[in-house]
Amino acid sequence: MNWSVISMLLFIVLAPFAGGLLQGVDRKITARMQGRQGPPLLQPFYDLHKLFSKQSVVVNHLQDFLVCGFLVFIVFTGALFFWGGDLLLVFFALTLAEIFFIMSSCSANSPYSSMGAQRELMQAMAYEPMVLMVAIGFYMVTGSFGVSDIIGNSTPAIVWLPGIFAGFLYILTIKFRKSPFDLSTSHHAHQEMVRGLTTEISGNILGLVELSHWYENIFLLGVVALFLLDANWWSVPVAIAVCFGAYFLEILIDNVFPRVKWQSMLKSAWLVTLVAGVTNFMVLVLVK
Amino acid sequence: MKVSNSPWLLHYDGSSCNGCDIEVLACLTPVYDVERFGVINTGNPKHADIFLITGGINTQNKAVVEQIYSQMPSPKVVVAVGICACNGGIFKECYNILGGVDTVIPVDIYVPGCAARPQAIIDGVVKAVALLDEKKKKRDQKKAQGGSGNA
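Residues numbered from 1 in each chain as written. Chains lettered and ligands numbered in written order. Predicted model: local features only at pLDDT ≥ 70, side-chain atom pairs only at ≥ 80, totals over all residues. Heavy atoms only, no water.

- If you look chain B up in an unreviewed UniProt entry, it shows as NADH-quinone oxidoreductase subunit NuoB from Christensenella massiliensis.
- What UniProt records for chain B under Cofactor (unreviewed entry) is the sentence "[4Fe-4S] cluster".
- Per UniProt, chain B carries the Sequence similarities (unreviewed entry) text "Belongs to the complex I 20 kDa subunit family." (UniProt positions renumbered as here; feature names shortened; annotations may be inferred.)

- Per an unreviewed UniProt entry, chain A goes by the name NADH-quinone oxidoreductase subunit H and belongs to Christensenella massiliensis.
- Per its UniProt entry, chain A bears the Subcellular location (unreviewed entry) comment "Membrane".

Below is the structure:
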């Protein structure tokens, strides 16, 4: 077995544990920032176990199927990424997973659920251009969309793509569903819009949604790491440190900023994409 | 791992004067911080394990309370907070009040007081949490005997 298959298997097996722990750390740090003691570190796992042992209330079978599709394609996205596959294919699979999730909310008859789905579409509209720019940026620097080719470079991609990296950190707040961009559903404010997207999802199916989010978060941190990784061994600890730094930054932003309206989210996300992303491209074309 | 490690709570204000509601929300503040027991104050009955009601039941909120209770997946526990939720309290004789919460749905834990102190509310929630495990066990036993286990 070669290295790429091992890292793919490691992702499939370990990502739920890492993602759950990360959320536990998140809740603990958030509580400390608010002057509270906070739940135990393993609280997300207790929650997941609880959800799987509750009575299962099925709103409609299509919804359950679509949520399963969300999980399968998120795992596929991450597995492809950690296997060293094509970055464009990875991001298209991510979008497909997202569509499954939005459709599952649309399939229920609740107005809150539909509202959450509409806002999630707005969020997708806000972050998708930047996600595509990340892929194109890596291609311009390394001449390949392959993840394994990108990390085989002699210099880390961030040297050429500081603007793209900053832009990606900006849309990461949307992807992590953190305030100020937790419009469709919020991990902390459970009262908002009756939890939007997941209003009609309960019990074990809600557990699957949580699990998918953990996979998704680890994959997204993997993309952050991709900016730092190169052929040298010491780029690995550096990348891990930067991932933790990025996650802490997201928690800080989450606790500092109040929620914005979707108009401000869309405008600011596209503005950042335009300024940070396109400027980076132009400089890259001139320099390289 | 037990179900009681992760009690998600739904707070509903029946016809309370808001005194008990303020004390319930005080439990979430840094001083009492119920999240250290894993308690989350959710707004969605489909995600909730504990149904916490303040205030008595009147003719208008009777249907609402029944609806919320029926939407919660089992195992679930009902906590009546404040003397009004326990038996109608000072409003007991009013023409529109039917009585305490137990006139419409089964109540598991009663937390008296006017208003109930945060310490008493937390005590009630902790008792409710222990009951969740018991109910889960009973449900599993029923399932093993071939029943639906959804009671």
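Let us keep going from here.
What to know about the interface of chain B and chain A
- On the side of chain A, 30 residues touch chain B, which itself brings 28 residues to the contact.
- Where chain B abuts chain A, roughly 2600 Å² becomes buried across the two surfaces, and 52% of that area is made up of carbon and sulfur atoms.
- Linking chain B with chain A are six salt bridges, by the criterion used here.
- The residue Glu35 of chain B makes a salt bridge to Arg36 of chain A at a minimum N-O spacing of 2.6 Å.
- Applying the counting rule to chain B against chain A returns 19 residue pairs in polar contact (both at pLDDT 80 or more).
- Sorting the residues of the side of chain B that touches chain A by element identifies strand S2 (40-42) and helix H4 (118-144) of chain B as the ones contributing at least two each.
- Top element by residues in the side of chain B that touches chain A is S2 of chain B. It accounts for three residues.
- Among the residues making up the side of chain B that touches chain A, the classes are represented as nine nonpolar, 11 polar and eight charged. (Contact = heavy atoms within 4.5 Å. Buried area = accessible area lost by both parts, 1.4 Å probe. Salt bridge = Lys/Arg side-chain N within 4 Å of Asp/Glu carboxyl O. Polar contact = N/O pair within 3.5 Å; in protein donor to acceptor, adjacent residues only side chain to side chain. Helix = DSSP H or I, 4+ residues; strand = E, 2+ residues; numbered from the N terminus. Nonpolar A, V, L, I, M, F, W, Y, C, P; charged D, E, K, R; others polar.)

Observations regarding unusual backbone geometry
- In this structure, Pro180 of chain A follows Ser179 of chain A across a cis peptide bond, with omega equal to 5 degrees.
- Mapped onto the fold, Pro180 of chain A is located in the loop between helix H7 (162-175) and helix H8 (203-226).

Observations concerning the side chain of Gln43 of chain A
- Turning to its location among the elements, Gln43 of chain A is positioned in helix H2 (residues 43-52).
- Of the residues examined, Gln43 of chain A reaches a relative accessible area of 1% and is grouped as buried.
- Contact partners of Gln43 of chain A, with chain neighbours within four places excluded, come to Arg27 of chain A together with Asn5, Ser6 and Gly38 of chain B. (Buried < 20%, exposed > 50% of the residue type's maximum accessible area, 1.4 Å probe, protein only.)

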